[in-house]
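Listed below are the residues making up each chain.
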Amino acid sequence: MEVQMWDALVKVAKSAYAAGLGEGAVPRPLIMPLVGGELVGMIWSRPLMVGEDALTGIAQLSNIAAAARADEVVLTWETHDVATACELPIVGPAPCLNMVLATPDQHVLHQFPYTEQLLSRSPEGRASVAPDWLLAPAPQPGAELVPPIQAAVNYAFTPIELNHPDPFGVTVVLMEEDGYRVRLTEAFTH
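Analysis parameters
- Residues numbered from 1 in each chain as written.
- Predicted model: local features only at pLDDT ≥ 70, side-chain atom pairs only at ≥ 80, totals over all residues.
- Heavy atoms only, no water.
- Helix = DSSP H or I, 4+ residues; strand = E, 2+ residues; numbered from the N terminus.
- Rg over C-alpha atoms; globule rule 2.2 N^0.38 Å.
- Buried < 20%, exposed > 50% of the residue type's maximum accessible area, 1.4 Å probe, protein only.
- Contact = heavy atoms within 4.5 Å.
- Areas by Shrake-Rupley, 256 points an atom, 1.4 Å probe, with all protein chains shown as cover.
- Arc of directions from axis to C-beta.
- Polar contact = N/O pair within 3.5 Å; in protein donor to acceptor, adjacent residues only side chain to side chain.
- Core = buried A, V, L, I, M, F, W, Y, C linked by side-chain atoms within 4.5 Å.
- Axes fitted to C-alpha atoms, helices over the stretch in contact; angles between N-to-C directions.
- Parallel < 35°, antiparallel > 145°, perpendicular 65-115°, else oblique.
- Left-handed = near helix turned anticlockwise from the far one by under 90°.
- Phe/Tyr/Trp six-rings, centres within 6.5 Å; stacked < 30°, edge-to-face > 60°.
- Lys NZ or Arg CZ within 6 Å of the ring centre and 35° of its normal.

This part takes up the overall build of the protein chain. What the protein chain contains, in helices and strands, is 6 helices and 9 strands. What you see for the protein chain is a C-alpha radius of gyration of 16 Å, in line with the 16 Å of a compact globule of 190 residues. Projected onto its principal axes, the C-alpha coordinates of the protein chain cover approximately 50 × 35 × 30 Å. The buried share among the 190 residues of the protein chain stands at 43%. Here the contacts in the protein chain between residues at least 6 apart in sequence split such that 63% fall between residues at least 24 apart. A total accessible area of about 9800 Å² is found for the protein chain, and carbon and sulfur atoms account for 55% of it.

Following this line, the structure appears as structure tokens:
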């Protein structure tokens, strides 16, 4: 991936992340598939129930990447949020925005730890915070990934075979019906 594209994706992820935290919510796990260096779009996981549903829901982010025959994917998630949803131990810095850049042959984990600055608290007790980004550790090629993220990376490059004239389009529709938030770039909205 070109440095310019990576920097743009990091900026978008951090901005979306800060906006979500400012509204009192941790953004859901997100996948950004690319084909030939061109961004297909951004797909956020559906609402997740704690446990097996979270593991499955995160792994299924790979469906659109697979249907698009992506050659690169970027997945983003928050350490504590995914560990809690999937009932896994917290591994790595927390709170932390994680981004993994993966191809069929390799992956590199990038971590963006932060501290939370309280902005306000709603009458219901929901905290609105702003991330104060800390020094990021060096990128980690081949780093161990939490199981649902590793599954999403693996399945993203396994072509989906559907007996349909538009396997990508039908995959998008099915994922949206399941509650995934899909925002495709103009080149892929045909």
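Having put the structure on the table, let's press on.
Turning to its location among the elements, A68 is positioned in helix α3 (residues 62-68). The spacing of A68 and I160 is 92 residues in sequence and 8.8 Å in space, taken between C-alpha atoms. When sequence neighbours within four positions are dropped, the list of residues in contact with A68 reads V35, V40 and F168.

This next bit is on helix α4 (residues 79-86). By the burial criterion, the buried members of α4 are T79, V82, A83, A85 and C86. Across the axial projection of α4, the buried residues extend over an arc of 170°, all falling on one side. Looking at the packing, one finds that the buried side of α4 touches α2 (52-59), β4 (72-78), β5 (96-102) and α5 (147-156). Its side-chain oxygen at 2.7 Å from the backbone nitrogen of H80, E78 defines the N-terminal cap of α4. Of the residues flanking the end of α4, it is E87, one or two places downstream, whose phi is positive at about 55°.

Quick look at the nonpolar core now. A general tendency of soluble globular proteins is for nonpolar side chains to be buried together. Counting residues in each nonpolar core, the largest one holds 34 residues, and the members touching the most others are I43, V73, L75, W77, V100, I149 and F168. Of all the secondary structure elements, the ones that give two or more residues to this core are α2, α3, β4, α4, β5, α5 and α6 (167-177). Those residues in contact with V73, other than ones at most four positions away along the chain, are I31, M32, P33, A65, V100, L101, A102, A156 and F157. Core analysis: the next-biggest nonpolar cluster, separate from the first, contains 19 residues, W6, L9, V74 and F112 among them.

Right, let's talk about the environment of P29 for a bit. Counting through the fold element by element, P29 comes out in the loop between α1 (3-22) and β1 (30-35). On the basis of relative accessible area, P29 is assigned to the buried category, the value being 3%. Sequence-distant contacts of P29, that is, excluding residues within four places in its chain, are made with I43, W44, S45, I58, L61, T76, W77, D81 and V82.

Remark: α2 packs on α5, axes separated minimally by 8 Å, with the N-to-C direction vectors making an angle of 30°. One way to sum up the angle between α2 and α5 is to call them roughly parallel. Between α2 and α5 the crossing geometry is right-handed. Counting all contacts with α2, which are made through L55, I58 and A59, the residues of α5 involved are P148, I149, A151 and A152.

Counted under the stated rule, the structure contains 3 aromatic pairs. Residues Y17 and W133 carry aromatic rings whose centres are separated by 6.2 Å and whose planes lie at 45° to one another, so their mutual orientation is tilted. With Y17 in helix α1 and W133 in strand β7 (residues 127-133), this residue pair connects regions lying 116 residues apart in the sequence. Classification of Y17 by relative accessible area gives buried; the value is 4%. Joined through ring pairs, the aromatic side chains of Y17, Y114 and W133 make up one cluster. The side chain of K14 reaches across the aromatic face of W133, ending 4.9 Å from its centre. For R181, the ring lying beneath its charged end belongs to W44, and the centroid distance is 3.8 Å.

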